[in-house]
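What the coordinates show
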Amino acid sequence: MQRVYEFIRRHPTGVDTFWGIVLFGFTVLWVATGTGDDTGPVWAALLLGAALSLVLALRRRRPEQMLVVAAGTGVAQLILDVPVNLADFAMLVIIYTVAAHDRSRWASRLALAGGLVASPLAQLRWPSPEATTTQQVFLVIFLAVPFALAWVLGDSIRTRRAYFAELEERATRLEREREAQAKVAVAAERARIARELHDVVAHNVSVMVVQADGAAYVLDAAPDQAKQALETISTTGRQALAEMRRLLGVLRTGDDPESGEYVPQPDVQQIEDLVEQVRRAGLTVDFRIEGTPRPLPSGVELTAYRIVQEALTNTRKHAGPEVGASVRLVYFDDGLGLLVEDDGRGSAHELYEDGGADGQGHGLIGMRERIGMVGGTLDAGPRPGGGFRISALLPLKTA
């Protein structure tokens, strides 16, 4: 049964042609068994039967043209005095087909109008002498109902097809939107990873370079200090590798996040460790916490840590020798304040912010991006009397 159904779907015109031949066979049988008065002119009945059989055979391939042929056949049937017969069934089929077709609305309206007037015209052309007026009116309505039902059924099929087509289009559009959103999310994630890598590399490599220079300078005169500097380089390098492994892990497929390979995201509590690490690298840092420490949103904690890390890295790279810095964390009722200052060369910081002297310029841009992601504010610029100041306010409720 399934094969028969598949064959019908693949060869609709062939199936319609078969039924057209069957319809013409019944027309020939009707003409052969009837009398001249019952069938009208034989040649006319056969010719009109052949035309309606053609309408049935080509109804799906040429629906509008076959509707015109059916209308012309109906008019010729009235003129040539060929009574209603089985071949007229093709008119019901073509009305349904045109109504179900969604390309030509004019053809659908013409089919409905033609179907509704067909019954009154047939009753006027071939009246029933023994029927009363009431019976004739009832007969007209009764014969018009099949034509109306054929059009309603076809139009319902057309509406249903249009509805499903709209659903498919909407699903396709939603799928494209999901793909676009996924691409945006991937781009945002890559930007976040780039910022993280910048922070990790800039801070840790800066510490390692400073320590390496110091170790080379005191290697002969103070071997113990050189050994301590090399230990700091080793520790800093391992920490950098761990953080980079965690960040690059999100770019791999098939890695197990529970394997313990990745380190946790840094938070506010680790700022003190960061300051101590910078002190061991040779930078004098005054660290203070004001207010009552309390848990913060993870995004705020990571942003605070990275801002302090980037600020101290910039201080070591651009503030000059014999520089001191201060870091203050202030807990407000509705936010966390950060203040990082140094007494170095403020003009060098201005060049760094604009991307001038060393071709950089990503540090403060990254700070602004991070703070913007949590809905905070950033103020960065030279201090009065020299040095550079970075002031940030991070709200506790991110947007």
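Before going into details, it helps to say that this report is about the structure given with it. (Residues numbered from 1 in each chain as written. Predicted model: local features only at pLDDT ≥ 70, side-chain atom pairs only at ≥ 80, totals over all residues. Heavy atoms only, no water.)

1. Let's talk about the overall build of the protein
Within the protein one finds 13 helices and five strands. Sorting the 399 residues of the protein into buried and exposed places 39% on the buried side. If you sum the accessible surface of the protein, you get close to 23000 Å²; carbon and sulfur atoms cover 60% of it. (Helix = DSSP H or I, 4+ residues; strand = E, 2+ residues; numbered from the N terminus. Buried < 20%, exposed > 50% of the residue type's maximum accessible area, 1.4 Å probe, protein only. Areas by Shrake-Rupley, 256 points an atom, 1.4 Å probe, with all protein chains shown as cover.)

2. Some points on helix α5 (residues 63-79)
Every α-helical turn comprises 3.6 residues, leaving residues that sit three or four positions apart pointing alike. Its 17 residues give α5 an end-to-end C-alpha distance of 24 Å, which sits within 8% of 24 Å, the value for a rise of 1.5 Å per residue. Along α5, the positions that sit buried rather than exposed are Pro63, Glu64, Met66, Leu67, Ala70, Thr73, Gly74 and Gln77. On its buried face, α5 is in contact with α4 (42-57), α6 (89-100) and α7 (105-125). At the exit of α5 stands Asp81, carrying a positive phi of roughly 60°. (Expected span 1.5 Å × (residues − 1). Contact = heavy atoms within 4.5 Å.)

3. A word on a nonpolar patch on the surface
A cluster of nonpolar side chains, Phe26, Leu29, Leu86 and Phe89, forms an exposed patch at the surface whose accessible area comes to about 410 Å². If you trace the backbone, Phe26 turns up in helix α2 (residues 12-33). The partly exposed category is assigned to Phe26, whose relative accessible area is 44%. (Patch = residues over 30% accessible without salt bridge, like charges linked within 9 Å, V, L, I, M, F, W, Y side chains within 5 Å. Salt bridge = Lys/Arg side-chain N within 4 Å of Asp/Glu carboxyl O.)

4. Quick look at the sheet that holds strand β2 (residues 324-331)
Strand order in the open sheet formed by five strands is β1-β2-β3-β5-β4, with mixed pairing between adjacent strands. Edge positions in the sheet fall to β1 (284-290) and β4 (377-382), since each of these pairs with one other strand and no more. Taken pair by pair, the neighbouring strands of this sheet meet at an average axis angle of 10°, ignoring direction. Across six bridges, the pairing between β4 and strand β5 (residues 388-395) is antiparallel. (Pairing = 2+ DSSP bridges. Axes fitted to C-alpha atoms, helices over the stretch in contact; angles between N-to-C directions.)

5. Some thoughts on the environment of Arg368
Relative to the elements of secondary structure, Arg368 occurs in helix α13 (residues 363-373). Looking at Arg368, the relative accessible area reads 39%, which means it is partly exposed. Considering only alpha carbons, one finds Arg368 and Leu378, 10 residues apart in sequence, at a separation of 6.6 Å.

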